[in-house]
Each structure stands twice: as C-alpha cells, then as structure tokens.
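Results of the structural survey
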Amino acid sequence: MENTNLGGNVDPILTGLLKPKSIAIIGASSNPDKIGYTVVKNLNESGYEGGIYPVNPKDPEILGHKAYPSVKDIPYVVDAAVITVPAKVVLPVIKECGEKGVKGAIIITSGFAEVGDHATEDALVATAKQYGMRILGPNIIGTLSNSDKMNASFAGFLPYDGKATMVSQSGALLIALDAASYSRGVGFDKMISIGNMSDVNFADLITYLTDDPHTSCISLYVEGLKNGPRFMEAARKCTKPIVALKSGVSAHGAAAAASHTGSLAGSSKIYEAAFKQAGISQATDLNDLFDRTLAFSLQPPMRGDNLLVITNGGGVGVLATDAAERAGIPLRFAPEDVQQELKKHMPEFGSAKNPVDITGQGGHEWYYASTKFAYAHPWVDGLTVLYCETAVTEPMDIAQAIHKAIVDSGVTGKPVSVSFVGGERSDKAMRWIVEQGIPCYNAPDLAVKALGALREEARIEENRQSGTYNPENVDGQKAREIIAAARAKGRTALTEVEAKQVFAAYDLPVTATELATSEDEAVRMANSIGYPIVMKIVSPDILHKSDAGAVKVNIKDEQGVREAYKVIMDNSLAYKADAFIDGIAIQEMAPWATEVIVGSVNDSTFGPTVMFGLGGIFVEVLKDVTFSVAPINLAEAEAMQDDIKSAPILRGVRGESPRDRKALAKVLANYAYMIYDLKDEVAESDANPVIVYEEGKGVKVVDARIILTKK
C-alpha cells in the first residue's frame, strides 16, 4: 500500500551530516538544564548505534561517554558535530571541526541572521566551505531519524515512525509536530530543522531526500526562501510527492516570518504559483499538511478521475459528494455492471449509484465484498470507504474487513482512503487501519480530499512531461541595443515606441507604432500605417497620458492627424510646461475585443514573474489576476488562463465566441521568455491592454511599458 518511489545515490557530505556514523556534541554538559546535556541524553535514549563523543573541557565523562576537551582531541573519525556553545564561540569551533575533517555541523545555537547578525553567519559558512564542510542551521533544534535511531536534537523523542520526512524552518513548531505525529498517527522517518538556512537549504534537502530509501513523501514548513529558482528546480526533479505549508501570507505575517528566519517571505500569490509550477502540493494549514502527508506517504497517485465512494450512511455520503466536487474529482454514477454487482451486497433500499450506500445494516461481510469488488474493477481509479459507527457493528471488524478486501483484491497502484466517524472504538480502528498502510480520517470530507490530493499528484506527474519552451524569431541582441541606447540618455524607462520594439524583438504581436516629431512626419506615418489610427504623447514626464488630454483615438484622415497633433502638444505643455517631449506616437488602431493585461515584476525570491488577468474592472476592482514564475511553457501559459475567476469569458459565454486561447498562450510564453532573458535589464513591464480576438484571429498588444533595472 505504500508509495515506494525510492531512489539511488546521495551526496556523501550530506549523508555524513544527516546519516552520520559518529557524532560529536560540542557544548555537551553534565547539567540537565543545558541543551548539550539533552542532546547526549536523546542520542542515548533513541538507541543511536554510532559513536557519541561529548566535547567539554571540564567534564571527563558525560552520561556514560568519555568527554574530550576539543573536537580535535577525539581519536576517531567524526562525521557530524552538534554545536550548542554560545554564539560568540561558534566560529572558532567551526574552524576546529574543519581541521578535524568533520563532514557537517548541526548548529543549534541561535543569535545570528535571525537577530540581524548576518556577518558572523556568513563567516561561519565561508569557514566551513574552506574545509568542504556543510552547515545545517544555525538556530535549529537538530535532526531526528527513526531509520538511524538518531535523535540529535533537543526534541523529547523520535516521531511516530513512518515514511514521510518533515523539513521545517521553525524549530518550536517541529517539536510540536513531533508530539502531534503520535496523536494524529502520521508517521515520519525523519524530522529536520533547517532554521536560518545559512548553507544547507530546502533545495539541498529535497535533492537528498529524493534518493533516500526511507522517505516516500517530503513535507515542508516554509517561512521564506533565499533562492526560489533553485528550490523550484530541485522540486521539479524530485520523483516523490512534496507537500508544503507556506506561512507569512498576510502582510503582518510576512514581516514576522522575515524577522524570524532572516529571509524574505515574498508574495503569497507568487509562492502559490511557484509551488504549482514546481509540482508541490500546497497545504492550507497544519491539519491539511498532516492530512496530505498521510495520504502521500501511504498511497500512490490517483491516475484517473473516477472516484467511487462506499458508505453505510446517507449523510456522510452527501458530505463526501460535496467534498469530491471541491477536490476536483466530482462523483460520477458507476457503470451499470458495477451497480448490479454492488446491489448484491446491500438491502433493496440501498443505492449502488455513487456514493454506494450499503445502509446502516452493512456489516463487515458487506463491507468486505463491496470493497474488494469495487477496488478491483478497472472503472474505479480511486476508492474512499466511509463508516459511521452503529450499535450493530464493531468498528474494528469493519476496519479489518476493509483491509482484507484491499489485500485480497490483488490490486496495487490504486489509491484508497477511509473515514470512520464515531467514538473511542472508531478511533482505535482508525489507528489500526493506518498502521496497515491505509490513510484514515475522522471526517468523510477529509478522506475524499486526500484522494483529491492524490489526483493532483498524478496531474503533476503528467505535467512534468510538457517540457520547456523556446520561441522562434527572437532577437535579444536588438532588444539590448534599444535598452542600451535609452540608458545612454540617462533614462530608466523606455518610451512606448521603444518598449514595443523590444516586445517585437521577442515576436510579440504589437500594434504598428512610430514616433513623429512633426505634423508632416505624423501624416506620412499615418498614411503608411493606415487609418484609423491612435495618437498619443511620448514623454518621460507625462506617464498618465489620458489625464493630460494627450491621447486621441479613431483618427480617420490627414486633417484629423494635423488637428490631433496640435491639440496633443498644447494639452501636454499645459499639463506640464517643462515636460521633455520625444514626440507623438502614431499607432495602428486595433479593433476592439476582449481586453487582458500581461505584466511582470522581478520578485526578490523567484526572479522574473508574469502576471495575467482580464483587463478593465477585472484588474482594477476585482484584482482577478494570476502569476507564474518565468520562463513558462505553452501548457503553463494555457493553465494561467484557467486560473482566473473570469476564465469562462475567454472560453466563450452567453453566445460569445471563444477567444483565441492558443495565440494568447504564445503571447504569455513569449513574454515570459522575454522578461527572463532580460532579467538583468528589465525591472518591471506590462502589456496593457492586450486585445484577444475570436478563436483563430489572434492577439494584439496595444500598449507597452518597460521600467529598467538600476545600474
């Protein structure tokens, strides 16, 4: 029943740090009130079978182990050092560890970047690198591993044993989750505290755990990241399910997270996009993190949309039906042959449609027969079995019948979840069925939600096949020359004409636009482009052209061009007398259709990111937008169109024709490629509006803006 997607080779340095054959505890103590005492005690009590070497210049022995004045005095090989000494002496200790040949340091000590002392923390990492040593922390509780019988931390005990690994930026939360693993029955092989991530980070651990034979699911508690693209790359390459809970999504919460970890929390929407693109399942809260971890660690992905629900109660069946809709796997009536067989295991007034209601009379025999048949049937892609405790059934009998049915079916590679609703007897049965490798929950919606997460995981695997996107007809050199020319004039923003030239260099379908510096030139350009046209001021000092009365539309002839030229110039100078004016843009007037906006910003964590949404009130009032981290492929570009609430408008509603989604996807992917390629030059940009025509008729970028990075 387990997810057994296990791996091969691992980094020997990280292995020495996380799976050490010997551990020095620097700052070990005979005083029970000291963390150095607790770490030695925990290693003893967890049954650690490697060498335990306390380091303390005063005590000759600590908790049955010979103590040494310095790590360099230990006459044996030391793989990892747990450091608990005061912050002011950690740096010389790291140097001694390097000279000794220690592979990795687990720095429990706090008082570094999280309180503003970045310099000392940077010095720790630089010193460790000189000796080829890695650092976990500082500001952590340590590491715990059931498979290694190793509690190298000041958490009270090893977690409830299982196949998941938890990595947490919060040490205090990890201690709480350690205890909660027993009450929740969610098993972990490892719990790793990561703290300030001065060196070893989430990406390192995801890569390491991908090849760890004792980990089938990676569970993350994330406050902030320092290198978003590397994190995403590691997650994309990981062949195991990853579930993450991101904290600091509110403005105040984000500030708290940054001060706690010494790293920026970033925008919640961008994190959400990054997790989705990287194939990470995002938990909504701690309960959801546990629920998803339980499902991912015990069950395979759900590789189809057909979920079947078996229940003995109509009420929980209705709740399951609602939950399936929310989870993206709405229930479908079972085929007639499935219904006919299931009717053999229920009274006449039962229902075999889906949910399958075997009624309150359903005992362990009916549960066994219906579960075994349904689980083995090829139409069923995933199975959820619900049980409401009744006076005529024993919960443990039901649990054993469900488990036996799954085993006797002979089927593997198909997910199942269970829910028991009842009292102490049901709680006992739930714990037992989890121990058999089947996730069990105390509410029907949670059991169905677990299958929804497993369906999502299968889709993630499918999306990994979509590959990268490399647009044709790109001239990055031309774009850089335009930018260089603007910088040479001391400007930090491109004019609209220049911005459109850059866009065009990346094969974006901009409206024909030229810059006129006289009436006659404006007329010549208008005649060349073709009427009707739009005219607008081009000035770095007039950003809001409409406010200045410096935009004229639907100009249909030469006389209109001359009149508009004079009016725009007069209005612009009246608006700002000392404005520097480059000229007036003469622009093709694109026919109107559905407006969208495409924008970008260089995020401090993830780099260039693309924003997309419908234009007009959808942006200004509803803020109906979505984000992706650049670059993106065409599949991701189409997914962005589905992510906004107003997506049905693009698909065609109320008799309207569908919009050209494929052409829009190409625009999004090319735009993302552009901002990624020019990430050192472009701080932010937007195309607003972009006009999307009917299917097959394309897209037009009507307006363009580019703000340059500071150099």
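Cut-off values and rules
Residues numbered from 1 in each chain as written. Predicted model: local features only at pLDDT ≥ 70, side-chain atom pairs only at ≥ 80, totals over all residues. Heavy atoms only, no water. Core = buried A, V, L, I, M, F, W, Y, C linked by side-chain atoms within 4.5 Å. Buried < 20%, exposed > 50% of the residue type's maximum accessible area, 1.4 Å probe, protein only. Contact = heavy atoms within 4.5 Å. Pairing = 2+ DSSP bridges. Helix = DSSP H or I, 4+ residues; strand = E, 2+ residues; numbered from the N terminus. Axes fitted to C-alpha atoms, helices over the stretch in contact; angles between N-to-C directions. Expected span 1.5 Å × (residues − 1). Right-handed = clockwise from strand over helix to strand, strands pointing away. Parallel < 35°, antiparallel > 145°, perpendicular 65-115°, else oblique. Left-handed = near helix turned anticlockwise from the far one by under 90°.

The subject of this paragraph is the nonpolar core. Soluble, globular proteins show a tendency: their nonpolar side chains are buried together. Counting residues in hydrophobic clusters, the biggest one holds 71 residues, and the most contacted among them are Leu-307, Leu-308, Leu-383, Ile-402, Val-418 and Phe-420. Those residues in contact with Phe-420 that lie beyond four places of it in its chain are Tyr-387, Pro-395, Ile-398, Ala-399, Ile-402, Ser-426, Ala-429, Met-430, Cys-440, Tyr-441 and Asn-442. The next biggest cluster of nonpolar side chains, apart from the first, holds 56 residues, and it includes Leu-225, Phe-231, Ala-235 and Ile-242.

What follows deals with the sheet that holds strand S22 (residues 551–555). The sheet built from four strands is open, its strands ordered S20-S23-S21-S22 with antiparallel pairing. Of all strands in the sheet, those with a lone pairing partner are strand S20 (513–516) and S22, marking the two edges. This sheet shows a mean twist of 25° between the axes of neighbouring strands, independent of strand direction. Of the strands in this sheet, S20, strand S21 (533–538) and strand S23 (583–588) touch helix H18 (residues 496–505), which is tilted by about 150° from S20.

Looking now at helix H15 (residues 424–435). Compared with an ideal rise of 1.5 Å per residue, which puts twelve residues at 16 Å, H15 spans 17 Å between its outermost C-alpha atoms and is within 8% of the ideal. As for H15, its buried residues are in contact with helix H10 (286–298), strand S17 (382–388), helix H14 (395–409), strand S18 (416–421) and strand S19 (440–441). Positioned one or two residues after H15, Gly-437 has a phi angle of 95°, which is positive.

Let's shift gears to the pairing of strand S13 (residues 242–246). Burial of S13 is extensive: five of the five residues sit out of reach of the surface. Of the two faces of S13, both are covered, the one formed by Ile-242, Ala-244 and Lys-246 as well as the one formed by Val-243 and Leu-245. Strand direction decides the pairing type here: strand S12 (residues 217–222) and S13, joined by five bridges, are parallel. Of the residues in S13, the one forming a bridge with Val-222 is Lys-246. Since S12 and S13 lie parallel, the crossover through helix H7 (residues 228–237) that links them has a hand, and here it is right-handed. Where S13 lies against strand S14 (residues 281–283), three bridges are found, and the strand directions are parallel. Pairing of Ala-244 across the sheet is with Gln-282, part of S14.

With that settled, consider the sheet that holds S19. An order of S16-S15-S17-S18-S19 is seen for the five strands of this open sheet, with the pairing classed as parallel. This sheet does not close on itself; its edge strands, each paired only once, are strand S16 (356–357) and S19. Bridging between strand S15 (residues 307–311) and S17 involves four bridges; their strand directions are parallel. The residue bridging Leu-308 from the neighbouring strand is Leu-383, located in S17. Across the sheet, helix H16 (residues 444–463) is in contact with S15, S17, S18 and S19; its angle to S18 comes to roughly 170°.

Moving on, we get to the packing of helix H22 (residues 634–643) against helix H24 (residues 661–677). At their nearest, the axes of H22 and H24 sit 8 Å apart, and the two run at 115° to each other. By the criterion of interaxial angle, the relationship of H22 to H24 is roughly perpendicular. In this structure, H22 meets H24 at a crossing whose hand is right-handed. From H22, Leu-634, Ala-637, Glu-638, Met-640, Gln-641 and Asp-642 reach across to H24, where they touch Arg-661, Lys-662, Leu-664, Ala-665, Lys-666, Leu-668 and Ala-669.

If you trace the backbone, His-345 turns up in the loop between helix H12 (336–342) and S16. Apart from residues no more than four positions distant in its own chain, His-345 is found in contact with Ile-358, Trp-366, Ala-369 and Ser-370.

Another point: the pairing of strand S8 (residues 142–145). Residues Gly-142 and Leu-144 of S8 are buried on one face, and the alternating residues Thr-143 and Ser-145, pointing to the opposite face, are buried as well. Strand direction decides the pairing type here: S8 and strand S9 (residues 150–153), joined by four bridges, are antiparallel. The partner of Thr-143 across the bridge, within S9, is Ala-152. Between S8 and S9, which pair antiparallel and follow one another directly, the connecting turn spans four residues, one of which, Lys-149, has a positive phi of 50°. Taken together, the three bridges between S8 and strand S11 (residues 188–193) define a ladder with antiparallel strand orientation. If you follow Leu-144 over to S11, its bridge partner there is Met-191.

Don't take any of this as a statement about function, it's just geometry.
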